[in-house]
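Residue-level listing of the chains:
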Amino acid sequence: MKLMWFHLMPYTELPDDFNKKHPSVWVDIHSSLFDPKRAHHMYNDFMDELEFAAECGFDAVCVNEHHSNGYGLMPSPNLIASSLARRTTDTALCVMGNSLALYNPPTRVAEEFAMIDCISGGRLIAGFPVGSPMDTCYAYGQNPSLLRERYYEAHDLVKRAWTEKDTFAFSGRFNQQRYVNIWPRPIQNDPHPPIWIPGGGSIETWRWCAEMDYVYCYLSYYGYKAGLSTMQGFWREMEKLGKDRNPYRAGFLQFVGVAESREQALELYTEPAEYFYGRCLHVDARFATPPGYTTEATQRAGIQGMVAQAANAASAGGDKKKYRAREMKEIVDDGYVIIGSPDEVIEQVRHVATSLNVGHLMLLLQYGNMSKDLTKYNTRLFAEKVMPHVKDLFSEWEDRWWPRPMAQGQRAAVPAFQPRLAAE
Amino acid sequence: MSEPQTLTVDVNGFPCRIWRKGSGPKLGFLAGFGGLPRWVPFLDRLAEKRTVIVPSLPGFPGATGHTMLDNHLDWLVAVHQLLRQADLAGADLVGSSVGGAFAADMAAVFPGLVKRLVLMAPFGLFDERDPATDPWAQRGDNVAGLMCAEPENWKKLVEMPAGANSIEWPIEMTRASEAAARALWPLGNTQLVKRLKLIEVPTLILWGDQDRIMPQGYAKILSREIRAESRVQTIAGAGHLAWLDQPQKTAEAIEAFLA
């Protein structure tokens, strides 16, 4: 199986009374809480952590896109990915991803992804999320009723921009371009970089991923127990559509905290986990469900987005306890965060992978206000003590959705960063 | 209160409901945010002296087809078709809230279509210094108090009737909000202010004195920019949907203007 190291880049210094004094971590979070000089250190720590994860041997490093968000400091994940392209060598770069409808024209995504693919020698995984309501409809003012139509059209345009050999005209409902001809072009051109779709639990998305032969990723913050029914629904749908159970069709996000013992793990990871589930998911319910964002078919199926669930549950007050655990005991009991000694984590990771049948496990080993030291400890321990004992899973399946980079010997040698030498 | 006659017309291949009741000169009504999930006393009151014709805009209760409309021109053409098929060409037209934005544009863009115009706290304008409330970024339990001075009046409008499909009813209510969003997201600003000078028919501008969505100051902008004679009147004890809070007073103001 593939073990992928995911960073959300949370602002790590939201005040203790954040939830009491501020209505939302997202959309209208107050600028006075943001200290750019502290953010300088946060970004550099986070990028160190991603590079460290690559050195430790994770199969991929993952970044994602959020806007006006106190737990996601990457409005442009492409900026981080381009830096990682220079500071890593063999690790896949998973940009999870670019919200297509937010780019005007969407060929910008085709271009920037092609740049990352060229710089990295063909290591890009191209994620195309619709994007959350808070990011797309509120922070970026996109029309919720048009968002999905724009998304699908932008997808078609980007894919054609990557694959068509000649300059072409694109006449869509929302995008009209007389001359589509992107330079650069992606290295992965047979036919294009792997496309992964992070989504909620909608049947339409599952069907679309199956039809297009894309990886479906369920990026829940609520762990494998809450994610089980969604992933079972996904696999039932794949079976109905006559698709095999290749676990590499799917990706899943899981928080993990590994230490020498369970007691030590609790001691180390309680604060960052409670910071994340308390402060980082403090989203005002008024930004959770813009009309039209959720399709009528999904409404009929009674499916809500995960942030909407959490936000609505929080404002409704106690009756949906399942989605609002904020204290470590519940966070662990409900499976949001897997903690324990290496052996205990091995057992749980194997259980997650096999019960959900997920070949791409995206791991959050930094969360909330976790320090760089603790993040590196968690990362190293996972890489050394857990990874070797779970890598064997699903070896009978082929991962057809993984990047195919240039051969190592053909790739540019990236010189080590040596500022002192440069100054001499 | 008796039920109106219900007709269905086709706009872009989708059905749109037309309600019709009363006798006398025709009077059209384009409803506001949420549309009309049920017939209301205000319309009965108007139907005492007029033939009241109430077309449902695409996506609002009784109508679909909003998903075909990608931009303001698409919307204007659809509403124009709808009014003509509802037999409202040349009639007096009342528009409230979302319907008000379209009623104003019908008068501005299609000369001769509207005889006299009544605008009740219409969408279509936006002033950064005096912003309208965002109706789409609200907790569910907040909406009633924003739409009406007396929240119960909104709740009664959208309450599920006995025997209605409990899955489809809330979807229909969400669809109405989506249709409004599709036409007006994110600010409600259709750049109507640029076209107000094209309105050449007498116009009455009505505002609930407790409107918590549309700032009262927008009435002045409308009155100033509309070329024809216009006058502003405030309805006491009324919120954004003045006709829900004060059906009698609102109907009287309209009748007096059209008399």
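Located above this text is the structure these notes cover.
The rules behind these values
- Residues numbered from 1 in each chain as written.
- Chains lettered and ligands numbered in written order.
- Predicted model: local features only at pLDDT ≥ 70, side-chain atom pairs only at ≥ 80, totals over all residues.
- Heavy atoms only, no water.
- Helix = DSSP H or I, 4+ residues; strand = E, 2+ residues; numbered from the N terminus.
- Rg over C-alpha atoms; globule rule 2.2 N^0.38 Å.
- Buried < 20%, exposed > 50% of the residue type's maximum accessible area, 1.4 Å probe, protein only.
- Contact = heavy atoms within 4.5 Å.
- Areas by Shrake-Rupley, 256 points an atom, 1.4 Å probe, with all protein chains shown as cover.
- Lys, Arg positive; Asp, Glu negative; His and termini not counted.
- Charge placed at Lys NZ, Arg CZ, Asp CG, Glu CD.
- Pairing = 2+ DSSP bridges.
- Right-handed = clockwise from strand over helix to strand, strands pointing away.
- Salt bridge = Lys/Arg side-chain N within 4 Å of Asp/Glu carboxyl O.
- Buried area = accessible area lost by both parts, 1.4 Å probe.
- Polar contact = N/O pair within 3.5 Å; in protein donor to acceptor, adjacent residues only side chain to side chain.

### Overview of the overall build of chain A
Working step 1: Helix and strand content of chain A: 15 helices and eleven strands.
Working step 2: Taken over the C-alpha trace, chain A has a radius of gyration of 21 Å; the compact-globule value for 424 residues is 22 Å, and the two agree within 12%.
Working step 3: C-alpha extents for chain A along the principal axes are approximately 60 × 60 × 50 Å.
Working step 4: Per-residue burial for chain A yields a buried fraction of 58% across its 424 residues.
Working step 5: Counting contacts in chain A only where the partners sit at least 6 residues apart, residues at least 24 apart contribute 77% of the total.
Working step 6: Carbon together with sulfur atoms contributes 49% to the accessible area of chain A, which is approximately 17600 Å² in total.
Working step 7: Charge-centre separation for chain A: the mean point of 44 positive side chains lies 4 Å from the mean point of 51 negative side chains.

### Looking at the pairing of strand S8 (residues 215–218) of chain A
Residue and element names in this part refer to chain A.
Working step 1: The alternating pattern of S8 places Val215 and Cys217 and Tyr216 and Tyr218 on opposite faces, both of which are buried.
Working step 2: In the sheet, strand S7 (residues 195–199) pairs with S8 via four bridges, with the strands oriented parallel. Among the inter-strand pairings, proline 198 is bridged to a residue of S8, identified as cysteine 217.
Working step 3: Viewed along the sheet, the connection from S7 through helix H7 (residues 203–212) into S8 turns out right-handed.
Working step 4: Where S8 and strand S9 (residues 250–258) come together, three bridges link them in parallel fashion. Note that in S9 the partner of cysteine 217 across the bridge is glycine 251.

### Observations regarding the pattern of salt bridges
Working step 1: Using the criterion set out here, one finds 42 salt bridges over all chains in the structure.
Working step 2: The shortest N-O distance in the salt bridge between aspartate 17 of chain A and lysine 21 of chain A comes to 3.0 Å.
Working step 3: For the salt bridge of arginine 207 of chain A with glutamate 237 of chain A, the shortest nitrogen-to-oxygen distance reads 2.8 Å. Of this pair, arginine 207 of chain A sits in helix H7 while glutamate 237 of chain A sits in helix H8 (residues 223–240), and the two are 30 residues apart along the sequence.
Working step 4: For arginine 207 of chain A, a relative accessible area of 43% gives the class partly exposed.
Working step 5: Taking the relative accessible area as the measure of exposure, glutamate 237 of chain A reaches 5% and is therefore buried.
Working step 6: Here the salt bridges share partners, and the residues they tie into one network are Asp28, Asp284 and Arg286 of chain A together with Arg139 of chain B.

### Re the side chain of histidine 80 of chain B
Residues and elements named next belong to chain B.
Working step 1: Within the fold, histidine 80 resides in helix H2 (residues 72–85).
Working step 2: For histidine 80, a relative accessible area of 18% puts it in the buried group.
Working step 3: Apart from residues lying up to four places away in sequence, histidine 80 is in contact with Met106, Phe110 and Leu113.

### Some details on the interface of chain A and chain B
Working step 1: Across the contact, 22 residues belong to chain A and 21 residues belong to chain B.
Working step 2: Interface area, chain A with chain B, both sides summed: about 1700 Å², of which 50% is carbon and sulfur.
Working step 3: Interface area lost by chain A to chain B is led by Arg286, Pro291 and Arg300 of chain A, which between them contribute 29%.
Working step 4: For the salt bridge of arginine 300 of chain A with glutamate 168 of chain B, the shortest nitrogen-to-oxygen distance reads 2.5 Å.
Working step 5: The interface formed by chain A and chain B contains 15 residue pairs in polar contact (both at pLDDT 80 or more).

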